[in-house]
Structure formats: structure tokens, C-alpha cells
Amino acid sequence: MTANDVDQTPSEDRPRDGEPDGRARHVAAARGAARTLHRSPLHVPLTERFSALAAAAPEVVGADEATDVYGDGVVATLEDEAARLLGKEAAVFFPTGTMAQQVALRCWAGRTGNATVALHPKAHPEVHEGGAFSAVSGLRTVHPTDEPRLPTADEVRDFPEPFGTLMLELPLRDAGFVLPTWEELEAVVEAARERDAVVHVDGARLWECAPHFGRPLPEIAGLADTVYVSFYKSLAGLSGAALAGPRTLVEEARVWRHRYGGQLFQHFPAAVSALLGLKHTLPRLPAYVAHARVVAEALHEGFTAAGVVWSRVHPRRPHTHQFQVWLPYAPDVLDEASLGQAEETGTLLFGRWFADGPPGLSVTEVTVTEEGLGWTADDVKEAVADFVRRIPR
């Protein structure tokens, strides 16, 4: 993926350069599909989303509860719940994860006396935030590795210059939603500690990492000094994020949130949708992860059976409920096959495809959520066979 991509937007909704209206057909196909592995909330009409949120709100807020004002009320309730789920002393709500992480790392830079952040070159701030760390927050970044994985303990321990914070994106989205093993993660954190660095986790998708690690969320988050989590990427909320960690740092972060323009008058729609996501979607994520592994294996077998000269499902056994698929065709060819399949059969197997890596290769991201649980392995293989038949060869 490139820095021009609209981060976290489903691939079928991402505009391409020179194609400002090109996504309209993709959105129409997604909305009209009878079968899909993931139905994005972005494809639900606006009034329908408003109505659904209002109807479900009494599940998480009192009938006579007042709206929030500058972060109290339902926002404070959400902060307490996020801190509890992550096993941290406190949490603070932010309108965006970009702001939350800049504030966290700025606070740590002040406390450690070192404004250098070690992170992966494919990490979200390096790819999707327009250089905000340096342009806005005065931070400098270094890269212990450029391999398509998180750094190893040796790479962190032996890095030749000091850094104040090690930032780990779990999972590393642009490398294929990949995670280290639990033992590797523990070792990396210990290596950072040996260098007197603090550890911050970009946990935008941390919610779905527990099955891979075989550990509860508080134990995973407990390895880090601070953790950022998103309320919309996996939990289907409207927007928003939380920064969780020591109470003193969280209170400092509230001050910086105001300075960065994040002290909005009211957040209640986002906060209510986040609480609903924590109540309904969070418990379902392990099932999505488990079924993503069924889907990934069926995709691999389906491409092989269809005679595709080369394909890659990455990771072969997904670490979360999201993974990549690579094929040796141009993006527009694969897009046309995807759209034709959706429009003619009502089955949307893939979102948009993007050129990445060597010329002639394209990649797409696959997400398995509630809609995908109804697909058997044979359903996936059948859909793959129909998709491949639509590729000119």
C-alpha cells in the first residue's frame, strides 16, 4: 500500500490517482452483494446507521443520561471500560488514533529526554500520516529493521543509536497484518527495557490479537507502557480511539489533547458506538480469526485448483481476521473480475486491488467478519473458481 491510500478504508472504497469517481461502482457492488466475507459499515446508508445507533443506544447508556460535555458522561464511561479491558490504570478518549499516538510519544519524549522513536518503516505513522511525527510533534524516527515483520530482540538490542521509545504496531498491517510469537514479543520488549527505552503499542487492531498470542488482552497490553486502540477499525464504531497507560501520563495526555485540538464539545455518537462495539463485536473477534484461517486455506486451494500460475495468501495461516492475497495480474484486470462477479452473481469475494511490489503483481486485503462466517471452504473455492474464470489469460 502507498502513502496515498486512504488508510483503513475498505479496499473497494479507496480512490486511485486520476480516478476521483472510480469507487462509485465498487460501492454499488458492495451494497448490492448478497454474499460477502465482510460488509463494511461504510456501505450502510447514512440514515440507516443513525437509526441503528439510536435504537441500540439504550443497551449501553441510561434512558435519561445526559450527553457528554468536553469528555464527561458517556465518554468517561468508555474510557473506564477501555482501561479495564486493557488492564491499565487509566485511559483517555481521542477523536483519532493519529492524534493519540503523537500525544503519547510526545509525552514519552519529554519524560525520557529522547525524542527519537524506533518503529517499523511500514508502521502507520511512517506510511499514512504525512510525516506528522516530525512536522507536528518534533519527533524523529529510526528503523531497527525493514524486513516485513516486527523487529527481533537482537535488532532492537543492537541498534547503533539511542532511542527513547520503541513503538510496535500489533499487528503490522501493511506487512500483511503480521504478529510475532508471544515469546518473540516478550524478548523484544525486554530488549527495549535493557536500553532504558519505554514501549508503546500501536494497537489499532489489538482487539483481535488475543487468539494468536493465546493470552488475554490485559496480559498483552501489560507488556507495554502505553497502548493505543481504535474503536472503528475492528469494532465497527463511528470513529475514535483511546490511549491507555499510567494515570499520570494519561492526565498529561488530556492536556495535550486540548492543545492538539481534540477537546471536542461532544463525542457521544462515537462513544456510544464504541461501547456497542465492545459489547457485541469484541466477543465475536475470536470466531472471525478462526474462520479467517479456514477462508485463507480455501483461497490457497482454490487458486491452485483453478490453475493460477502463481498466487500467495499471506500469512498462509492468518494471525488475525485480516490477511493479504497476491496475484500476478494488473489491478484493473482483477478489479473488473471482482466487480463482474459481484454484479452478475451477487457474490463479492474481493475488494479493490492495488499494484505493490514488483511490476505485474497486485495485492488486496481480505477481512472476515460476521458475514463471512456463513461461508464454507467449498463456498470459497467455488467463488474462487468463478473469479478466476473472469480473468483474461
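Residues numbered from 1 in each chain as written. Predicted model: local features only at pLDDT ≥ 70, side-chain atom pairs only at ≥ 80, totals over all residues. Heavy atoms only, no water.

1. Remarks on the side chain of His120
Line of reasoning, step 1. Residue position: His120 is located in the loop between β3 (116–118) and α5 (124–128).
Line of reasoning, step 2. A relative accessible area of 3% places His120 in the buried class.
Line of reasoning, step 3. Among the polar contacts made by the side chain of His120, one reaches the main-chain amide nitrogen of Lys122 at a distance of 2.9 Å.
Line of reasoning, step 4. Apart from the residues within four sequence positions on either side, His120 is in contact with Glu126, His143, Thr145, Asp146, Glu147, Pro148, Arg149 and Leu172. (Helix = DSSP H or I, 4+ residues; strand = E, 2+ residues; numbered from the N terminus. Buried < 20%, exposed > 50% of the residue type's maximum accessible area, 1.4 Å probe, protein only. Polar contact = N/O pair within 3.5 Å; in protein donor to acceptor, adjacent residues only side chain to side chain. Contact = heavy atoms within 4.5 Å.)

2. A word on the packing of helix α14 (residues 331–345) against helix α15 (residues 377–389)
Line of reasoning, step 1. Where α14 meets α15, the closest approach of the two axes is 9 Å, and the angle between their N-to-C directions is 120 degrees. Here α14 lies oblique to α15, going by the angle between them. Of the two possible hands of crossing, α14 and α15 adopt the one that is right-handed. Facing α14, whose interface residues are Leu334, Ala337, Ser338, Gln341 and Thr345, α15 presents Ala383, Asp386 and Phe387.
Line of reasoning, step 2. Here the residues of the contact of α14 with α15 sort into four nonpolar, three polar and one charged. (Axes fitted to C-alpha atoms, helices over the stretch in contact; angles between N-to-C directions. Parallel < 35°, antiparallel > 145°, perpendicular 65-115°, else oblique. Left-handed = near helix turned anticlockwise from the far one by under 90°. Nonpolar A, V, L, I, M, F, W, Y, C, P; charged D, E, K, R; others polar.)

3. Examining the pattern of salt bridges
Line of reasoning, step 1. Tallied over the entire structure, the rule returns 24 salt bridges.
Line of reasoning, step 2. Residue Glu365 is joined to Arg173 by a salt bridge in which the shortest nitrogen-to-oxygen separation is 2.8 Å. Here Arg173 lies in the loop between β5 (165–169) and α8 (182–194) and Glu365 lies in strand β13 (residues 362–367), a separation of 192 residues in the sequence.
Line of reasoning, step 3. We classify Glu365 as buried; its relative accessible area is 12%.
Line of reasoning, step 4. Of the charged contacts in the structure, one is a salt bridge between Glu251 and Arg254, with a shortest N-O distance of 3.3 Å. In this pair, Glu251 and Arg254 both sit in helix α11 (residues 247–259), three residues apart, roughly one turn of the helix.
Line of reasoning, step 5. It is possible to trace a salt-bridge network through shared partners that takes in Glu79, Glu251, Arg254 and Arg257. (Salt bridge = Lys/Arg side-chain N within 4 Å of Asp/Glu carboxyl O.)

4. Comments concerning the confidence of the model for the chain
Line of reasoning, step 1. Mean pLDDT for the chain: 94, with 94% of residues reaching 70 or above.
Line of reasoning, step 2. This model gives residues 12–20 a pLDDT under 50, and the stretch forms 29 contacts once residues within four places in sequence are excluded. (pLDDT = per-residue confidence, 0-100.)

5. Some thoughts on the pairing of strand β10 (residues 322–327)
Line of reasoning, step 1. Most of β10 sits out of view: six of its six residues are buried.
Line of reasoning, step 2. In β10, alternate side chains face the same way, and those of Gln322, Gln324 and Trp326 on one face and Phe323, Val325 and Leu327 on the other are all buried.
Line of reasoning, step 3. Taken together, the three bridges between strand β9 (residues 312–314) and β10 define a ladder with antiparallel strand orientation. By the bridge assignment, His314 is partnered in β10 with Gln324.
Line of reasoning, step 4. Inspection of the sheet shows β10 paired to β13 by six bridges, in the antiparallel sense. (Pairing = 2+ DSSP bridges.)

6. Focus on the environment of Thr165
Line of reasoning, step 1. With respect to the secondary-structure elements, Thr165 resides in strand β5.
Line of reasoning, step 2. C-alpha of Thr165 to C-alpha of Thr141: the two residues are 24 residues apart in sequence and 9.7 Å apart in space.
Line of reasoning, step 3. Setting aside residues up to four positions removed in sequence, Thr165 forms contacts with Leu105, Trp108, Thr116, Val117, Ala118, Ala197, Val198 and His200.

7. A closer look at the sheet that holds β9
Line of reasoning, step 1. If you trace the four strands from one edge of the open sheet to the other, you get β9-β10-β13-β12, paired in antiparallel fashion. Every interior strand has two partners, whereas the edge strands, β9 and β12 (354–355), have only one.
Line of reasoning, step 2. Relative to β13, β12 runs antiparallel, the two being bridged by two bridges. Across the sheet, residue Ala355 finds its bridge partner in β13, namely Ser362.

8. Remarks on the pairing of β5
Looking along a regular strand, one sees side chains alternate from face to face of the sheet.
Line of reasoning, step 1. Across the five residues that make up β5, a large majority, five, are buried.
Line of reasoning, step 2. Bridging between β3 and β5 involves two bridges; their strand directions are parallel. In the strand pairing of β5, Val117 is matched with Thr165.
Line of reasoning, step 3. Direction of pairing for β5 relative to strand β6 (residues 198–203): parallel, over a ladder of five bridges. Bridging across to β6, Glu169 finds its partner in Asp202.

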